[in-house]
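Here's the letter readout for the chains.
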Amino acid sequence: MYGGSNSAAGAARQAEEERQQRINEGRRDIDAKFATFDSNFYDKRARDYESYALPQLATQERDTRNQLAAALARKGLLNSGAAIKGNAKLDQYTNQKRQDVAMAGLGEANKLRSQVEDQRTTLTNQLISSGDPSAASSGALVAAGNLKRPSAFNALGNFFSDWTDTYRANQQARAYDDKVAPMFSFGGNNKGSVSYVN
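Everything numeric here is computed off the predicted structure, so don't read it as measured data.

Draft legend 1. A look at the overall build of the protein. When you go through the protein residue by residue, the secondary structure sums to five helices and two strands. When the elements of the protein are put in sequence order from the N terminus, they spell out α-α-α-α-α-β-β. Relative to its full complement of 198 residues, the protein shows a buried share of 30%. Taken as a whole, the protein presents about 12,200 Å² of accessible surface, with 50% of it coming from carbon and sulfur.

Take a look at the structure:
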């Protein structure tokens, strides 16, 4: 009676040890297939996003700067203090948007990192459930191949819409109320010495 129980327990223990060996083998295989997803891989994703977004930012900045120059020229203020101040504000806004692009690039890298880790976790859980290292290996190969070809970036909006919307709102407000301060002005408290951009 006791001998049969020991024999069954030993067989169950042996089967579990073999299962754990298969799981460990599968984990090693998953890790090997996911080894290319290192910091260099994620850094490249962030750089790829910047390479995608910064040229669009530059185009939009140029267009916005041209619109500002046209508004200044209409008022004869192209070489004025108001022009200097307006361009300085636009430079400041552009630099902030460049930082936003860099942060968005890091966000894209972190999103991809989460996708990779989610896939690794899913494969590991499947391996633990099945105890089948060959299925885990096949799944890891397919998943790693797909993750190395990340999806396209989302379309970018108008980086300067806030800036131009603020400018337009200021101009509309000034059209109805001459007490509204202009968005760009240069000079002292004496209204006669101040140049305005409308």
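We are not done yet, so read on.
Draft legend 2. Fine view of the side chain of S137. Assignment of secondary structure puts S137 in helix α4 (residues 133–147). Contacts of S137, omitting those with residues within four sequence positions, involve D29 and K33.

Draft legend 3. Here's a closer look at the packing of aromatic side chains. By the definition in use, this model includes seven aromatic pairs. Aromatic side chains Y49 and F153 sit 5.1 Å apart centroid to centroid with 80 degrees between the ring planes, which places their arrangement in the edge-to-face category. On the criterion of sequence distance, the pair formed by Y49 in helix α2 (residues 39–74) and F153 in the loop between α4 and α5 (161–176) is long-range, its members being 104 residues apart. Side by side, Y49 and F153 carry an identical accessibility label, which is buried. If you follow R113 out to its NZ or CZ, it ends over the ring of Y42, 4.2 Å from the centre.

About the thresholds
- Residues numbered from 1 in each chain as written.
- Predicted model: local features only at pLDDT ≥ 70, side-chain atom pairs only at ≥ 80, totals over all residues.
- Heavy atoms only, no water.
- Helix = DSSP H or I, 4+ residues; strand = E, 2+ residues; numbered from the N terminus.
- Buried < 20%, exposed > 50% of the residue type's maximum accessible area, 1.4 Å probe, protein only.
- Areas by Shrake-Rupley, 256 points an atom, 1.4 Å probe, with all protein chains shown as cover.
- Contact = heavy atoms within 4.5 Å.
- Phe/Tyr/Trp six-rings, centres within 6.5 Å; stacked < 30°, edge-to-face > 60°.
- Lys NZ or Arg CZ within 6 Å of the ring centre and 35° of its normal.

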